[in-house]
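Coordinates in review
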Amino acid sequence: MGEILLPLLVLCPLAASLIAFACAGRVGAGGIGAIACAGVGISAVLGVVVSAILLRGPATGALQVMLWPWMRVAGFSADIAFMLDRISMLMILVVTIVGLLIHVYAAGYMRDDPGIARFFGCMTLFVAAMLVLVLSSDLLCLFIGWEGVGLCSYLLIGFWYDNPANTAAARKAFYMTRMGDVALLCAMLLLAGATGSLRIGTVLAAVANGQVSSTGVNMAAFFILVGALAKSAQIPFQAWLPDAMAGPTPTSALIHAATMVTAGVYLIARLHGLFAMAVPVMALMAALGALTLLMGACMALAQSDLKRILAWSTISQLGYMFLALGCGAWQAALFHLMTHAFFKALLFLSAGAVIMRARHEQDIFRLGGLRHAMPGLTAAFVTGASALAGLPLVTAGFYSKEMILSGVWRAHFGLTHGWGAGGHPLWGIGLLGAFLTALYIFRCVFIVFCGKAETAATGRTSRLISIPLGYLCVLSVCGGMIEIPAPLPRPHLFSAFIDPASLLPHVDEPFWPVLAGAAAPLAGVWAAWVLWGRSASVMRDMPGRPMRLLAWLAQHAIPGRAIMGTGRMTQVTSTLIFRARTGFLDMLGVWAGRSAGRAGRLLERLHDGRMRRYAAWIAGGLCAGLALAVLS
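Residues numbered from 1 in each chain as written. Predicted model: local features only at pLDDT ≥ 70, side-chain atom pairs only at ≥ 80, totals over all residues. Heavy atoms only, no water.

**Some points on the overall build of the protein chain**
Filter applied, for reference: Here a helix means four or more residues in a row that DSSP labels H or I, a strand means two or more in a row labelled E, and each is numbered from the N terminus. Each residue is placed in one exposure class: buried if its accessible area under a 1.4 Å probe, protein chains only, is under 20% of its type's maximum, exposed if it is over 50%, and partly exposed if it falls in between. Only the protein chains shown count as cover for residues, with accessible areas throughout obtained via the Shrake-Rupley method and a probe of 1.4 Å.
In terms of helices and strands, the protein chain carries 26 helices and 4 strands. Within the protein chain, the proportion of its 632 residues that are buried is 53%. Surface exposure of the protein chain reaches about 27100 Å², of which carbon and sulfur atoms provide 68%.

Here it is as C-alpha cells:
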C-alpha cells in the first residue's frame, strides 16, 4: 500500500497546481485557495499514513517504488524512483504540514490579489517539487526536484513583476543558485563515472567499499557542498536571500521554512556517509557554517526592514545547520531544520500580518507600541522570537540548538596524519551566535511592539490568518521537547527515531556547556532590553552611535559587494592570465614560423643546383676535416 501512496504524495499538489493555472480567471479567490489547500492537505494526510506504515517496520527499513527506468546506457543506469526512510519521512512531514499551514494563511493574505491563481499554482508546484527532491532515491531524479524548487522560487520572488526591483531580485536568486547547480552536476558526473549509477544507496555503498578513490570522494563532496551552499544561501552565496523578500510574505515563509533553503541541508544529511569519508570538506563546511552564522546575526542586528531581519536570521540559522553537518552531527542539523521550520514560518507569517495591518510599513523604527493594537499578533511573534532565540526549556529552538552545540563540542577533525583539530573553538562561535540571535530578534520585538506607537493599526486579523499562527505557536513551543540535551536523562525520541545508533552514551561529557548554552540567549534578551526595551534605554540616549559600522555595511551591501568584487577580480585576473598565455603562445608560434622560414631560405640558397658551389663546399669540408685531424 505504501508503494501506491508515495507517488500520490507528489501528484496531489501537482494536480492542484495544474488546476489552479487552468482556472485562472474562471474561479474566485476562495475557490482557488480551497483547491490549493486541498491538494497540499491531502498530501499531508498521505504523508502521515505512509509514515505510520514505515514506523511499523524495522528501524532501518524503507518503502521503495520504481516508477519507470529513465535511461540504460553502457555502464550507467538511472531511474525515476522514490524511497521513504526515516530521513525522507521527517522531510515530507515538515514540507506538507508546514506547507499546509502556509497555504491556509495565504488564502486569507492573498484573497484580494488579482494574480491569486498564478500565485497558488506556483506555490503548490513548489511543494510538489520539494517532495520529488526529498523522496527521490536517485540523484538524477533528485536533480529534477532540485531544479524545480529553483524555478518556483524564481517565479514567486518575481511574482509582482510590475516592479523592476522584484524581477531583478528573482534573476539574482536564479543566477546565484545556478552556480551551485553546475557544481552539483559536476559531482554527479564524478560519481556516475566512478560507480556506474546515481542511486543513492549504490553510491554510498561504493564509497564505503573503497570503490571511489579518496581524491574522487573529496572532489565529489566539495562540488556537492558548493551546490548546497548556493541553494541554502551560505557564504559566499548569501547575497540572494535577503533580496528574495521582494515576493509575497507566504512565499518568504515557504522558501525559508519548508522548501528551498533547506534543500542543501537535506542533501548533505542524505549523503552523510559520503561526507564522512571527506574530512577536509567536512572541516571546510564547519568553518563556513560558523562564519555564516556570525555574519548573518551581525547583519540582522543592523537591519531596519522587518522581513530582511528575518531573512538574515534564516541565513544565520542555516549556518548552525551547516556547522552541525560539518561536525558530523547530521541528526542535530535535521532536528534544527524541523524546529526552525516551525518558528521561522511563525515569525514570517506573524510579521506579514503585522505589516498588512500597519499599512504595509516594514521599517521597524516606524512601527512601535503595537502590543496594544495587536495583542494576538504580538503573542505570536514573541513566541516565534523566543523559539528563535532558544529560551531554555520553554521553546523548541533551545533543544535543537543544544543538540547542535553538543555535537560541535564533541567534534574532532583528523585532517592529516598526527594532526587534527577539536570542535571547542567552533562551539564558542556557536555560543556567541546564540547570544547575538537573542539580541537581534528581541531588539526587533522591543522596537516594534513596545514603546511609543508610531503607526496606527487598521482592520482585523482574519481567521484564515489566525488559525495557522495558533498551530505554529504550539509547534514552536512543544516541537523540541522530544529531544532533551545529551547529558540529561531521557527522552531522546528524535535520536531514537532518526538514527538509533546515535543513542550510544557519550562518556565524560560535562554539564556546564549545556548551562552556558542556556545562559547565552538569556544574556542576549537582557542586553536587548537594556539597549532598546527600557523607557530610558541606552540606544535612545545615544541615537545613531552604536553599531554604526554594521549599519553602514548593511545599508551599502558591503559583504555582497566584496564577494562580487572578489569574483570580478578573479575573472579579470583569469582573463589577463589567459591573454598573456595566448599572447606568449602566439608570439612563440610567430617566432618559430619566422625561424623556419629563414632556415628554409638559407637551405634554398645552399641547394640551388650549381655544381661548382657543391664542389666548393665539399672541398672546404675536406680541408676543414684534415685541419682538425692534424691539429688534434
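**Regarding the packing of helix H3 (residues 86-109) against helix H15 (residues 330-357)**
Condition: What counts as an axis is a line fitted to C-alpha atoms, over the stretch in contact for a helix, and the angles between N-to-C directions run from 0 to 180 degrees. For classification, angles of less than 35 degrees are called roughly parallel, those exceeding 145 degrees roughly antiparallel, those between 65 and 115 degrees roughly perpendicular, and all remaining angles oblique. Every residue pair with non-hydrogen atoms within 4.5 Å of one another is taken to be in contact. Note on residue classes: Ala, Val, Leu, Ile, Met, Phe, Trp, Tyr, Cys and Pro are nonpolar, Asp, Glu, Lys and Arg are charged, and everything else, Gly too, is polar.
At a closest axis distance of 11 Å, the pairing of H3 and H15 adopts a crossing angle of 0°. When the axes of H3 and H15 are compared, the pair comes out roughly parallel. For the pair H3 and H15, the contacting residues are Ile 87, Leu 90, Met 91, Val 94, Val 98, Ile 102, Tyr 105 and Tyr 109 in the first and Trp 330, Leu 334, Leu 337, Met 338, Ala 341, Phe 342, Ala 345, Leu 349, Gly 352, Ala 353 and Met 356 in the second. Class assignment for the residues of the contact of H3 with H15 results in 18 nonpolar, 1 polar and no charged.

**A short note on the pattern of salt bridges**
Filter applied, for reference: The salt bridge definition used is simple: a Lys or Arg side-chain nitrogen within 4 Å of an Asp or Glu carboxyl oxygen.
Under the counting rule described, the total for this entry stands at 9 salt bridges. With its nearest N and O atoms 3.5 Å apart, the salt bridge here joins Arg 199 to Asp 79. Here the residue Arg 199 occupies a position in the loop between helix H6 (164-195) and helix H7 (200-208), and Asp 79 occupies one in strand S2 (residues 76-84), the gap between them amounting to 120 residues. Judged by its relative accessible area of 24%, Arg 199 falls in the partly exposed class. Residue class for Asp 79 comes out buried when judged on its relative accessible area of 7%. For Arg 366, the salt bridge goes to Glu 361, with nearest N and O atoms at 4.0 Å.

**Things to note about the pairing of strand S1 (residues 63-73)**
Formally: Only strands that DSSP links by at least two bridges are regarded as paired with each other.
Sheet topology note: the S1/S2 ladder contains 9 bridges and is antiparallel. When the bridges of S2 are listed, Met 66 appears paired with Ala 81. Where S1 folds back onto S2 in an antiparallel hairpin, the turn is made up of 2 residues, including Gly 75, whose phi is positive at roughly 75°.

**Let's talk about a nonpolar patch on the surface**
Convention followed: Think of a patch as exposed residues, more than 30% relative accessible area, with no salt bridge, where like charges cluster within 9 Å and nonpolar side chains (Val, Leu, Ile, Met, Phe, Trp, Tyr) cluster within 5 Å.
A grouping of Phe 584, Met 587, Leu 588 and Trp 591 is seen on the molecular surface, where their side chains present a nonpolar patch of about 480 Å² in accessible area. Position of Leu 588 relative to the elements: it lies in helix H25 (residues 558-606).

**Some words on the packing of aromatic side chains**
This is how it is decided: Two aromatic rings, drawn from Phe, Tyr or Trp (for Trp, its six-membered ring), form a pair once their centres lie within 6.5 Å of each other, and the interplanar angle then sorts them: stacked below 30 degrees, edge-to-face above 60, tilted otherwise. Only when the NZ atom of a Lys or the CZ atom of an Arg is both within 6 Å of the ring centre and within 35 degrees of the ring normal do we say a charge sits over the ring.
Considering all chains together, one arrives at 16 aromatic pairs under this definition. Taking the ring centre of Phe 174 as reference, the NZ or CZ of Arg 178 above it sits at 4.3 Å. Sitting over the face of the ring of Trp 532, Arg 443 holds its NZ or CZ atom 5.6 Å from the ring centroid.

**Brief notes about the packing of H3 against helix H4 (residues 116-135)**
Between two packed helices, what matters for the description is the angle formed by their axes and the separation of those axes. With their axes 9 Å apart at the nearest point, H3 and H4 run at an angle of 175° to one another. Taken as axis vectors, H3 and H4 run roughly antiparallel relative to one another. Counted together, Ser 88, Met 91, Ile 92, Val 95, Thr 96, Ile 102, His 103, Ala 106 and Ala 107 of H3 and Phe 119, Phe 120, Met 123, Thr 124, Val 127, Met 130, Leu 131, Val 134 and Leu 135 of H4 form the full contact between these two elements. Its residues placed into classes, the contact of H3 with H4 shows 14 nonpolar, 4 polar and no charged.

**Describing helix H5 (residues 139-157)**
Helical periodicity: at 3.6 residues per turn, an α-helix aligns residues three or four positions apart in one direction. Just so we agree on the cut-off: In this scheme, a helix's expected span is set at 1.5 Å multiplied by one less than its residue total. We define a polar contact as two N or O atoms separated by no more than 3.5 Å, with the added condition that, inside protein, one atom must be a possible hydrogen donor and the other a possible acceptor, whereas residues neighbouring each other in sequence contribute only through side-chain atom pairs.
Here H5 spans 27 Å end to end across 19 residues, near enough to the 27 Å set by a 1.5 Å rise per residue. For H5, the buried fraction is high: 14 of the 19 residues fall into the buried class. Its side-chain oxygen at 2.8 Å from the backbone nitrogen of Leu 140, Asp 138 defines the N-terminal cap of H5.

**What to know about the confidence of the model for the protein chain**
Here is the rule we go by: What pLDDT expresses is the predictor's confidence in each residue, scored from 0 to 100.
Counting all residues, the mean pLDDT for the protein chain is 85, and 86% of those residues have values of 70 or more. Counting interchain partners and residues more than four positions distant, the pLDDT-below-50 stretch residues 541-545 has 1 contact.

**Focus on the side chain of His 103**
Residue placement: His 103 occurs in helix H3. Overall, His 103 belongs to the buried group, its relative accessible area being 0%. In contact with His 103, not counting residues within four places along its chain, are Ala 36, Cys 37, Val 40, Phe 120, Met 123, Thr 124 and Val 127.

**Quick look at the environment of Val 27**
Tracing the chain through its elements places Val 27 in the loop between helix H1 (2-22) and helix H2 (29-55). Along the primary structure Val 27 and Ala 117 are separated by 90 residues, whereas in three dimensions their C-alpha atoms are 8.5 Å apart.

**A word on unusual backbone geometry**
Of note, the bond from Ile 235 into Pro 236 is cis; its omega dihedral lies within 30 degrees of zero at 10°. Among the structural elements, Pro 236 can be located in the loop between helix H8 (214-231) and helix H9 (240-243). Look at His 360: it is not a glycine, yet its phi comes out positive at around 60°. With respect to the element layout, His 360 can be found in the loop between H15 and helix H16 (370-373). Owing to a relative accessible area of 56%, His 360 belongs among the exposed residues under this scheme.

**Quick look at the environment of Ser 462**
Along the chain, the position of Ser 462 falls in the loop between helix H19 (424-449) and helix H20 (463-478). Classification of Ser 462 as partly exposed rests on a relative accessible area of 23%. As for Ser 462 and Gly 108, which are separated by 354 residues in sequence, their C-alpha atoms are 7.0 Å apart.

**Focus on helix H10 (residues 249-257)**
Counted residue by residue, H10 has 9 buried out of 9 residues, so it is predominantly covered. Within H10, burial applies to Thr 249, Pro 250, Thr 251, Ser 252, Ala 253, Leu 254, Ile 255, His 256 and Ala 257. Tucked into the core, H10 has its buried residues touching H3, H4, H5, H9, helix H14 (306-326) and H15.

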